[in-house]
Amino acid sequence: MGKILVTGGAGFIGSHTCVEFLERGYEVVVLDNLSNSKEESIRRIEQITGKHVKFYRADMRDAAAVRAIFKAHPIDAVVHFAGLKAVGESVEKPLAYYENNLNGTFVLLNAMHEAGCKRIVFSSSATVYGMHNPVPYVENMPTSATNPYGYTKVMIEQMLQDICHAQPDFSAVALRYFNPIGAHKSGLIGEDPNGIPNNLLPYIGQVAVGKLQQLSVFGDDYDTPDGTGVRDYIHVVDLAKGHVCAIAYAMAHEGFMPINLGTGNGVSVLEMVHAYEKACGHAISYRIAPRRAGDIATSYADASRAKELLGWEAQETLETMCEDSWRFMQQNPNGL
Ligand code: NAD
Ligand code: WQD
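Residues numbered from 1 in each chain as written. Chains lettered and ligands numbered in written order. Predicted model: local features only at pLDDT ≥ 70, side-chain atom pairs only at ≥ 80, totals over all residues. Heavy atoms only, no water.

## Brief notes about the sheet that holds strand β1 (residues 3-7)
Strand pairing in a sheet relies on backbone hydrogen bonds, with the paired strands running either antiparallel or parallel.
Now for step 1: Strand order in the open sheet formed by seven strands is β3-β2-β1-β4-β5-β6-β11, and the pairing between neighbours is parallel. A strand with exactly one partner marks an edge of an open sheet, and here the two such strands are β3 (54-57) and β11 (255-261). Taken over all neighbouring pairs, the strand axes of this sheet differ in orientation by 20° on average, direction set aside.
Now for step 2: For strand β6 (residues 171-177) and β11, the ladder comprises seven bridges, and the chain directions are parallel. Following the sheet pairing, Leu 175 is matched in β11 by Ile 259.
Now for step 3: Together, β1, β2 (27-32), β3 and β4 (77-80) form the strand contacts of helix α3 (residues 63-72), whose direction differs from that of β2 by roughly 170°.
Now for step 4: In this fold helix α8 (residues 236-252) packs onto β1, β4, β5 (119-125), β6 and β11, with an angle of close to 160° to the strand it touches most, β6. (Pairing = 2+ DSSP bridges. Helix = DSSP H or I, 4+ residues; strand = E, 2+ residues; numbered from the N terminus. Axes fitted to C-alpha atoms, helices over the stretch in contact; angles between N-to-C directions. Contact = heavy atoms within 4.5 Å.)

## What about the site of ligand 1?
Now for step 1: Around ligand 1, the structure places 28 residues, and the nearest of them are Asp 32, Asn 36, Ser 37, Phe 81 and Tyr 149.
Now for step 2: Between ligand 1 and Asp 32 there is a distance of 2.6 Å, counted from an oxygen atom to a side-chain nitrogen or oxygen.
Now for step 3: In isolation ligand 1 has 820 Å² of accessible area, and contact with the protein removes 95% of it.
Now for step 4: Those elements giving two or more residues to the shell around ligand 1 turn out to be α1 (12-23), β5 and α6 (148-166).
Now for step 5: In terms of residues, the shell around ligand 1 owes the most to one element, β5, which gives three residues.
Now for step 6: Considering only residue class, the shell around ligand 1 consists of twelve nonpolar, eleven polar and five charged. (Near = heavy atom within 4 Å. Polar contact = N/O pair within 3.5 Å; in protein donor to acceptor, adjacent residues only side chain to side chain. Areas by Shrake-Rupley, 256 points an atom, 1.4 Å probe, with all protein chains shown as cover. Nonpolar A, V, L, I, M, F, W, Y, C, P; charged D, E, K, R; others polar.)

## What about the site of ligand 2?
Now for step 1: With respect to spatial proximity, 18 residues lie near ligand 2, and among them Ser 125, Tyr 149, Ser 216, Arg 231 and Asp 295 are the closest.
Now for step 2: When ligand 2 sits alone it has 690 Å² of accessible area, and the protein chains cover 87% of it.
Now for step 3: Of the residues forming the shell around ligand 2, the biggest block, four residues, is contributed by strand β8 (residues 215-218).
Now for step 4: Looking at side-chain class alone, the shell around ligand 2 contains eight nonpolar, seven polar and three charged residues.

## Considerations on the side chain of Lys 153
Now for step 1: Among the secondary structure elements, Lys 153 is positioned in helix α6.
Now for step 2: Buried charge without a partner: Lys 153 forms no salt bridge, and the closest opposite charge is Glu 157, 8.7 Å away.
Now for step 3: Contact partners of Lys 153, with chain neighbours within four places excluded, come to Phe 122, Ser 123, Ser 124, Ser 125, Thr 127 and Val 128. (Buried < 20%, exposed > 50% of the residue type's maximum accessible area, 1.4 Å probe, protein only. Lys, Arg positive; Asp, Glu negative; His and termini not counted. Salt bridge = Lys/Arg side-chain N within 4 Å of Asp/Glu carboxyl O.)

## Some thoughts on the pairing of β6
Now for step 1: The element β6 is extensively covered by neighbouring structure, given that seven of its seven residues are classed as buried.
Now for step 2: Side chains of β6 alternate between two faces, with Ser 171, Val 173, Leu 175 and Tyr 177 and Ala 172, Ala 174 and Arg 176 buried alike.

## A word on the packing of helix α7 (residues 200-208) against helix α9 (residues 269-280)
Now for step 1: Contact geometry for α7 and α9: axes closest at 11 Å, N-to-C directions at 40°. Between α7 and α9, the angle falls in the class oblique. Of the two elements, α7 crosses α9, and the hand of that crossing is right-handed. On α9, the residues that touch Leu 200, Leu 201, Ile 204, Gly 205 and Ala 208 of α7 are Val 269, Met 272, Val 273, Tyr 276 and Cys 280.
Now for step 2: In terms of residue class, the contact of α7 with α9 is made up of nine nonpolar, one polar and no charged. (Parallel < 35°, antiparallel > 145°, perpendicular 65-115°, else oblique. Left-handed = near helix turned anticlockwise from the far one by under 90°.)

## Some details on the packing of aromatic side chains
Here a ring pair, both rings aromatic, is described through the centre-centre distance and the interplanar angle of the planes.
Now for step 1: Overall, the coordinates contain five aromatic pairs when judged by the stated rule.
Now for step 2: Ring centres of Phe 21 and Tyr 26 lie 4.9 Å apart, and the angle between their planes is 85°; this geometry places the pair in the edge-to-face category.
Now for step 3: Ring pairs connect the aromatic residues Tyr 129, Tyr 137 and Phe 178, which therefore count as one cluster.
Now for step 4: One residue, Lys 54, lies across the ring of Tyr 56, its end atom 5.4 Å from the ring centre.
Now for step 5: Over the aromatic face of Tyr 222 sits the side chain of Arg 291, whose NZ or CZ is 3.9 Å from the ring centroid. (Phe/Tyr/Trp six-rings, centres within 6.5 Å; stacked < 30°, edge-to-face > 60°. Lys NZ or Arg CZ within 6 Å of the ring centre and 35° of its normal.)

Purely spatial values, then, with no claim about function.
Written as structure tokens, this is what we have:
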């Protein structure tokens, strides 16, 4: 099969992706500094798969540490999740975001270059479609950003494009995730944010489990069917499987390729609240609050490129996303 270096492999999407690779016979080496995750998730990946994960607790900005990993292992390809991801925090601490996400990626790409590793799948985001493109978002639309976090994604995509241009045998797939939610069916791994969640699903989950009192719905006067924001929520296990397909694609093709990973369907905040109520069996308390700065009305993917190039399509439904999220919340009310 092959040996994959997974940066950020202890995190939400990274841990689910490690499971999918291990279950298909790949060997997985994880680099994570645990700044937004716990080592327990590595143990849980091993528990689910019955396979060993070689784990390095290290910072991707530490060039010696990253180089040592490439020395110790013949890495066939890298899946690069590591990064800071809180939009609001990035506005407060732009330098921390540029330093971590850009410098970290720079160190990683340099180490890949030195080691002769020429395949990377990068965690990009639908945020690169900015505020002004019409939905559904198609990969050839112009990219832009509205906050430092988003700019790190735009800039890293540019770095990858430039490397592919300079080095024609290099392959980089930028997966533009829409809104990843849900959890592994085992209930052993899922989303475990520090502090009060910024994102809708972990917030709803914490209200459902009784840790938070009430959800604030940010705006009910958008130009959408029920006035609340519409997003393309995608099950994290579907997303994880997309990475296995993307690695196969990167092994067989050269050049830079951005690919949306979404379902192609939009779901409103209130539809999500009601779907979660069904999954957990009780009402979720919410109130209508003002719009959140920087939010757009509607975001969803044109998912046709993923189907065409990767043979990948989302399989899970809104129902299973909520059921799986709820199972994880119940089994881990205080996180991992
Ligand atoms: P996460 O925070 O759970 O995972 C990121 C992991 O990277 C964490 O385990 C963290 O400890 C690690 N990390 C951060 N900086 C590091 C460093 N300098 N060195 C080593 N490890 C470091 O986040 P996630 O939701 O799993 O997201 C994974 C990737 O996908 C991120 O790049 C994120 O920007 C991107 N993304 C996420 C979403 C989303 O909604 N979750 C949407 C689009 C894109
Ligand atoms: C979804 C909807 C909110 C919380 C963010 C990043 C994006 C990407 C994914 C990384 C919106 C509403 C939310 C709450 C609410 N991350 N909401 N009450 O904003 O689509 O995307 O995460 O790349 O870059 O911006 O996701 O989950 O925060 O919000 O009403 O307490 O839920 O207004 O309509 P978003 P989200």
